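What follows is the residue order along each chain.
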Amino acid sequence: MAGAEAFFLRNVDRGRFEAANAAPVLWGRFTVASDFDGDGDSDLAVLDSRGQIGLLRGSSGGGFVSPIAASTGNDPDSVGLVDVDGDEDLDVVAAN
């Protein structure tokens, strides 16, 4: 998975930001953030226009581990988080 990077800036004190790690992703079109795996670190789901989604798990050091790629179908136009199956874990939903 390559083509672009997801950058984030860490808020270190009342709106003062510092550069943090970048993570390789597909060409980002939509991004949602949450703690998908329940480990206390923020994770990202990045959706691209080619029908791919990259799931990036946050690490305790403030970066991200290598993304997991999944296909979503042609020309997706949104991504969201919801507990679809009622197991109290967030699921990633993409619509096209």
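It should be emphasised that the depicted structure is a prediction, and the values quoted were computed from it without experimental measurement.

K.L.:
What's the story with the overall build of the chain in this structure? I'm lost.
P.N.:
Within the chain, the secondary structure is distributed over zero helices and eight strands. Going from the N terminus to the C terminus, the chain shows its helices and strands as β-β-β-β-β-β-β-β. Buried positions account for 26% of the 96 residues belonging to the chain. Partitioning the contacts of the chain with sequence separation of at least 6, the portion at a separation of at least 24 is 28%. Surface exposure of the chain reaches about 5900 Å², of which carbon and sulfur atoms provide 48%.

K.L.:
When you look at the pairing of strand 4 (residues 43-47) in this model, what are you seeing that I'm missing?
P.N.:
Sheet faces and side chains relate simply in a regular strand, where the side chains alternate between the two faces. Burial within strand 4 is extensive, with five of its five residues counted as buried. Residues D43, A45 and L47 of strand 4 are buried on one face, and the alternating residues L44 and V46, pointing to the opposite face, are buried as well. Alignment of strand 3 (residues 30-34) against strand 4, held across five bridges, turns out to be antiparallel. Residue pairing for strand 4: S34 is matched across the bridge by D43. Examined bridge by bridge, strand 4 and strand 5 (residues 52-56) share four bridges and lie antiparallel to one another.

Cut-off values and rules
Residues numbered from 1 in each chain as written. Predicted model: local features only at pLDDT ≥ 70, side-chain atom pairs only at ≥ 80, totals over all residues. Heavy atoms only, no water. Helix = DSSP H or I, 4+ residues; strand = E, 2+ residues; numbered from the N terminus. Buried < 20%, exposed > 50% of the residue type's maximum accessible area, 1.4 Å probe, protein only. Contact = heavy atoms within 4.5 Å. Areas by Shrake-Rupley, 256 points an atom, 1.4 Å probe, with all protein chains shown as cover. Pairing = 2+ DSSP bridges.

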